[in-house]
Amino acid sequence: MLNESQRGRAHEMTRYYEDLEVGQVYKHPVTRTATDVDNLLYVTLSHNPQPLHIDDEFAKKTMHGTRIVSSLWTLAFVNAQAVMPLTLGTTLGNLGYEEIRFPTPVRIGDTIRSETHIVSMRESAKYPNAGIVTFEHVGYNQRNEVVVRAKQVSLHLKKAHAIT
């Protein structure tokens, strides 16, 4: 639940359906260096015992040569960067992901940055107060290698139906 101050700022920072256009690209200012703590907390909270993420000796014997960060942590971080500028207080639900790819593993110590592209938009046949937007979230490491690319479909609120 947004408090009064957040609700006021959300309308300044976020985008309603009508504010979005296919082809727009939002480069998110927040970057983050993936730490061992990030990785261990994520795999612990998600009950993911994959030794590739938690066992140095196992990981040394893989093609990676070292532990790698959970790909779902990477997806969560990159996806979350779109909340403040695009969906805070204007999304009515995540309808799903059409495609998720992890072409380059994230290693502890990699610094991740992201951007979001508006891929497609259409009116919702079921909900006249909203439209359906497809976002493509792309995350990069410090070497500009793509670490995640995900297409997310969202039910997005129209201005006339703003929740205040």
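What you are looking at is a predicted structure, and each value in this text was computed from that prediction instead of being measured.

What counts and what doesn't
Residues numbered from 1 in each chain as written. Predicted model: local features only at pLDDT ≥ 70, side-chain atom pairs only at ≥ 80, totals over all residues. Heavy atoms only, no water. Helix = DSSP H or I, 4+ residues; strand = E, 2+ residues; numbered from the N terminus. Buried < 20%, exposed > 50% of the residue type's maximum accessible area, 1.4 Å probe, protein only. Contact = heavy atoms within 4.5 Å. Areas by Shrake-Rupley, 256 points an atom, 1.4 Å probe, with all protein chains shown as cover. Arc of directions from axis to C-beta. Patch = residues over 30% accessible without salt bridge, like charges linked within 9 Å, V, L, I, M, F, W, Y side chains within 5 Å. Salt bridge = Lys/Arg side-chain N within 4 Å of Asp/Glu carboxyl O.

### Some thoughts on the overall build of the protein
Summing up its helical and strand segments, the protein has 6 helices and 6 strands in all. Element order for the protein, N to C, with α for helix and β for strand: α-β-β-α-α-α-α-α-β-β-β-β. With the C-alpha coordinates aligned to their principal axes, the bounding extent of the protein is approximately 55 × 30 × 30 Å. The buried share among the 164 residues of the protein stands at 38%. Pairs at least 24 apart in sequence give 70% of the contacts found in the protein among residues at least 6 apart. A total of about 9100 Å² of accessible surface is found on the protein, and carbon and sulfur atoms cover 55% of it.

### Considerations on helix α2 (residues 36-45)
Quick reminder: α-helices carry 3.6 residues per turn. Residues three or four places apart thus point the same way. Taken together, the buried positions of α2 are D38, N39 and V43. For α2, the buried positions fall inside an angular range of 115° around the axis, keeping them on one side. For α2, the exposed residues set more than 90 degrees away from the buried face come down to V37, L41, T44 and L45. Where the residues of α2 are buried, they touch β2 (32-33), α3 (51-54) and α5 (71-80). Trailing α2 by a residue or two, H47 shows a phi angle of about 55°, which is positive.

### Concerning a nonpolar patch on the surface
A contiguous nonpolar surface patch, about 330 Å² in accessible area, is contributed by V37, L41 and L45. Position of V37 among the secondary structure elements: in helix α2.

### What to know about the pattern of salt bridges
On inspection of all chains with the given rule, the structure shows 10 salt bridges. A salt bridge links E115 to K27; the nearest nitrogen and oxygen atoms lie 3.1 Å apart. Separated by 88 residues along the polypeptide, E115 in strand β4 (residues 111-123) and K27 in strand β1 (residues 25-27) bring together distant segments of the chain. For E115, a relative accessible area of 6% translates into the label buried. Among the ionic pairs, R143 bridges to E145, the shortest N-O distance being 3.2 Å.

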